[in-house]
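Chain by chain, the residues:
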Amino acid sequence: MITLEMMPPMMFGGLVLAMLIGFPVAFTLAAVGLSFGFLAIHLGFFDLNFLQAIPGRIFGSVLSNELLLAIPFFTFMGAILERCGLAEDMLDSMGQLFGPIRGGLGYSVIIVGFILGAITGTVAAQVIAMAMISMPVMIRYGYNMRYITGVLAASGTITQLVPPSLVLIVLADQLGKSVGDMYLGAWGPSVFQIALFAGYTFLLSIFKPDHVPAVPKTALTLTGWPLWRKCLLGIIPSAVLIFVVLGTMMMGLATPTEAGAMGAVGAIVLAAIHSKEFSTTGHKILIAGVVAAGIGTMVGIFLTEGILFKIAFAVTYFAVVWICLEAVRIPALRSLIKQGYETTMRITTMVVFILIGSTCFSVVFLGVSGGVWLEHLLTSLPGGVWGFLIFINLFIFVLAFFLDFFEIAFIILPMIAPIAQKILAPVVGPDAALIWFGVMLCVNMQTSFLHPPFGFALFYLRGVAPKEVKSSDIYWGALPWIGLQLIMVALVIAFPITVTGLLDKPLNVDLNKIRIEIPEIELPPPLDFGPPPKQ
């Protein structure tokens with residue numbers, strides 16, 4: 001006889017078994033959830049009316065969730081920027097800037113990976129673009145093959161952590177926290193991660209200089225101001241787009257959805273100005289728009305938002321519309337925008353179906369007291385808070401061998417988030433507990449793209465690498481970088497300040513001691529209008 005206590009572990013085991021068969025995760029979640037739901041009804045654990053919560057949650061929490069509306073905007077932005085030529089220009093200029101020092105090409109890949117991560121948010125795009133551009137150059141100048149494959153794959157996965165990462169948006173939604181706070185919490189670990197990557201390259205340049213040789217100065221095609229100009233032409237537009245997307249969100253000027261919409265339009269503008277077919281008139285209107293935006297910003301900061309402010313931004317909006325129409329006029333960009341729409345539709349549909357499946361599973365799981373079972377299991381772990389964190393991170397690390405971050409976020413997080421809030425609140429406070437936990441898992445889930453045998457970044461790399469690159473070099477080359485990512489996980493666990501340092505500090509106010517004093521106002525005597533007129 002199946003008891004209520006047996007149902008949660010049976011559901012969890014059934015889900016793992018069904019996913020190992022290889023059936024699509026979204027349909028597996030729904031099938032397992034509904035199957036155990038009907039079994040629970042048959043055994044009398046709840047009645048059929050309980051399952052009415054499933055459509056209510058789907059239409060109330062999934063399809064009407066305004067935060068999830070940001071996902072298609074950021075997906076479209078990444079799909080446009082990954083193919084518009086920005087990566088090629090930045091890698092070429094950064095490679096020539098850092099190339100003459102040992103490990104210079106590695107530094108350029110790491111820096112460009114960080115910048116692209118902040119404007120694209122897609123791992124596949126970064127790994128493929130950087131591998132196709134940088135791998136032949138690094139091979140030509142004698143870089144160690146395992147270092148080449150490792151640095152290219154790892155620098156592509158940093159986009160998981162650098163805002164405006166899709167992972168952070170999903171984590172914020174599932175944990176019930178604001179996207180802006182999740183982004184602020186992720187900045188510290190993402191910068192430290194880049195420092196670890198650069199530090200590893202620096203150590204190799206000292207102890208194994210033959211693995212990361214310098215590029216001969218005779219091989220450089222640009223020097224001096226032309227080189228710096230090319231670097232700035234890649235960095236400055238990217239920095240503007242990063243500010244438009246992230247700066248407006250963190251300053252409270254835009255919601256995540258609004259920031260994503262501005263990012264999608266900004267991606268089209270960036271793609272247009274990088275096109276060789278962009279017209280001279282377009283360049284002039286671009287300059288006028290930039291100048292007008294600068295004037296409008298200064299007026300808004302130092303003066304009142306009067307007619308000059310409105311005229312300046314009207315000119316800016318006209319310039320943006322003109323450049324977008326130029327993008328549609330150029331055949332290559334028109335095709336690029338169409339591909340961006342198709343990619344966005346595929347990813348958005350996948351996310352919605354996984355959310356629907358996970359809703360079916362989680363409603364039934366909670367209905368058979370799965371939350372109580374899971375809380376008892378996790379709170380009884382030895383080591384208290386640190387035992388809980390070590391166990392969860394090891395668990396997520398193993399799951400990442402088989403599941404991608406969407407599946408982990410939608411299946412596992414809703415079950416463990418309440419327990420994490422309860423356990424971690426005494427360490428960093430109730431407001432920052434889930435931000436710390438979410439960023440920690442985000443750092444951990446980077447490894448899902450790197451570790452063999454199912455690391456998608458390794459598959460992307462294998463698909464574009466030349467034939468002389470062995471698969472063994474790709475797999476062995478990834479291991480040191482996985483180690484660096486795990487070191488970053490340990491640092492985030494040991495030093496929560498890396499995440500919470502940029503968050504707003506909670507106000508320690510005793511509500512019982514607050515006094516509101518309203519000054520007395522002496523009112524004038526009432527006016528005497530005399531008796532009312534007789535009818």
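Only a predicted model underlies this, so the values are computations on that prediction, with no experimental measurement involved.

Asks: I'd like a description of the overall build of the chain, backed by residues and values.
Replies: A tally of helices and strands in the chain yields 23 helices and zero strands. The buried share of the chain, taken over its 535 residues, is 50%. Within the chain, residue pairs in contact and separated by at least 24 positions form 77% of the contacts whose partners lie at least 6 positions apart. A total of about 26000 Å² of accessible surface is found on the chain, and carbon and sulfur atoms cover 70% of it.

Asks: Describe the pattern of salt bridges, and please don't skip the residues or the numbers.
Replies: Applying the stated criterion across every chain yields a total of three salt bridges. Here Arg146 ties to Asp473 by a salt bridge, and the two come within 3.3 Å at their closest N and O atoms. One end of the pair, Arg146, is in helix H8 (residues 145-157); the other, Asp473, is in helix H22 (residues 471-494), and 327 residues separate them in sequence. In this structure, Glu326 and Arg329 form a salt bridge, with 3.2 Å as the shortest nitrogen-oxygen distance. Of this pair, Glu326 and Arg329 both sit in helix H14 (residues 307-329), separated by three residues, roughly a single helical turn. Taking the relative accessible area as the measure of exposure, Glu326 reaches 6% and is therefore buried. Assessed through its relative accessible area of 46%, Arg329 is described here as partly exposed.

Asks: Describe helix H1 (residues 7-21), listing the residues and the values that go with them.
Replies: Its 15 residues place the ends of H1 21 Å apart at the C-alpha level, agreeing with the 21 Å of an ideal helix rising 1.5 Å per residue. The complete set of buried residues in H1 reads Met7, Pro8, Met11, Leu15, Ala18 and Met19. Axial view of H1: buried residues confined to an arc of 105°, hence all on one face. Relative to its buried face, H1 has exposed residues pointing more than 90 degrees away, namely Leu17, Leu20 and Ile21.

Asks: So what's going on with the packing of helix H10 (residues 179-207) against helix H11 (residues 224-250)? Which residues, and what values?
Replies: Here H10 crosses H11 at 115°, and the two axes come no closer than 9 Å. One finds that H10 runs roughly perpendicular with respect to H11. Every pair of crossing elements has a handedness; the one defined by H10 and H11 is left-handed. For the pair formed by H10 and H11, the contact residues are Val179, Tyr183, Leu184 and Trp187 on the first element and Leu246, Met249 and Met250 on the second. Tallied by class, residues from the contact of H10 with H11 come to seven nonpolar, no polar and no charged.

Asks: Got a sec to walk through the packing of helix H16 (residues 370-379) against helix H19 (residues 413-428)? Specific residues and values, please.
Replies: Put simply, H16 and H19 touch, their axes get as near as 10 Å, and they point 45° apart. With respect to each other, H16 and H19 are oriented oblique. Crossing handedness for the pair H16 and H19: right-handed. Contact residues: Leu374, Glu375, Leu378 and Thr379 in H16; Met415, Ile416, Ile419, Lys422 and Ile423 in H19.

Asks: Describe the nonpolar core, naming the residues involved and giving the relevant values.
Replies: Residues Phe388, Leu424 and Phe437 are the most contacted members of the largest nonpolar core, which totals 158 residues. Once you skip the residues sitting within four places of it in the chain, Phe388 turns out to touch Leu378, Leu381, Ile419, Ala420, Ile423, Leu424 and Phe437.

Asks: Lay out the packing of aromatic side chains with the relevant residues and their values.
Replies: A full pass over the atoms with the stated rule returns 14 aromatic pairs. Ring geometry for Tyr147 versus Trp481: centroids 5.9 Å apart, planes at 55°, classification tilted. Taken as a pair, Tyr147 in helix H8 and Trp481 in helix H22 lie far apart in primary sequence, 334 residues in all. Summarising the burial analysis for this pair, Tyr147 and Trp481 share the class buried.

Asks: Outline the environment of Pro24, listing residues and values.
Replies: Here Pro24 lies in the loop between H1 and helix H2 (25-43). On the basis of relative accessible area, Pro24 is assigned to the partly exposed category, the value being 41%. Counting along the chain gives 330 residues from Pro24 to Ile354, while the straight-line C-alpha distance between them is 9.4 Å.

Asks: Break down helix H15 (residues 331-367) for me, citing the residues and quoting the values.
Replies: End to end, H15 covers 54 Å across 37 residues, agreeing with the expected 54 Å (1.5 Å per residue, within 8%). Positioned one or two residues after H15, Ser369 has a phi angle of 65°, which is positive.

Asks: Quick one: what's the story with a nonpolar patch on the surface, residue by residue and with numbers?
Replies: Taken together, Ile287, Val291, Ile295, Ile307, Leu308, Ile311 and Val315 make up a surface patch of nonpolar side chains, about 640 Å² in accessible area. Residue assignment for the nonpolar patch shows that the elements contributing at least two residues are helix H13 (280-302) and H14. Tallying contributions element by element places H14 first for the nonpolar patch, with four residues. As for its position among the elements, Val291 is in helix H13. By relative accessible area, Val291 is classed as partly exposed at 47%.

Asks: Account for the environment of Leu253, with residues named and values stated.
Replies: Within the fold, Leu253 resides in the loop between H11 and helix H12 (256-274). Apart from residues no more than four positions distant in its own chain, Leu253 is found in contact with Thr248 and Glu258.

Asks: Requested: an account of the environment of Ser155, with residues and values cited.
Replies: Mapped onto the fold, Ser155 is located in helix H8. The spatial distance from the C-alpha of Ser155 to the C-alpha of Phe114 is 7.1 Å, given a sequence separation of 41 residues. Of note is the side chain of Ser155, whose polar atom sits 2.8 Å from the backbone oxygen of Val151.

Asks: Account for the side chain of Thr257, with residues named and values stated.
Replies: With respect to the helices and strands, Thr257 occurs in helix H12. Each residue touching Thr257, except ones within four places of it in the same chain, is listed here: Glu66, Leu67, Leu69, Ala70 and Phe73.

Calculation notes
Residues numbered from 1 in each chain as written. Predicted model: local features only at pLDDT ≥ 70, side-chain atom pairs only at ≥ 80, totals over all residues. Heavy atoms only, no water. Helix = DSSP H or I, 4+ residues; strand = E, 2+ residues; numbered from the N terminus. Buried < 20%, exposed > 50% of the residue type's maximum accessible area, 1.4 Å probe, protein only. Contact = heavy atoms within 4.5 Å. Areas by Shrake-Rupley, 256 points an atom, 1.4 Å probe, with all protein chains shown as cover. Salt bridge = Lys/Arg side-chain N within 4 Å of Asp/Glu carboxyl O. Expected span 1.5 Å × (residues − 1). Arc of directions from axis to C-beta. Axes fitted to C-alpha atoms, helices over the stretch in contact; angles between N-to-C directions. Parallel < 35°, antiparallel > 145°, perpendicular 65-115°, else oblique. Left-handed = near helix turned anticlockwise from the far one by under 90°. Nonpolar A, V, L, I, M, F, W, Y, C, P; charged D, E, K, R; others polar. Core = buried A, V, L, I, M, F, W, Y, C linked by side-chain atoms within 4.5 Å. Phe/Tyr/Trp six-rings, centres within 6.5 Å; stacked < 30°, edge-to-face > 60°. Patch = residues over 30% accessible without salt bridge, like charges linked within 9 Å, V, L, I, M, F, W, Y side chains within 5 Å. Polar contact = N/O pair within 3.5 Å; in protein donor to acceptor, adjacent residues only side chain to side chain.

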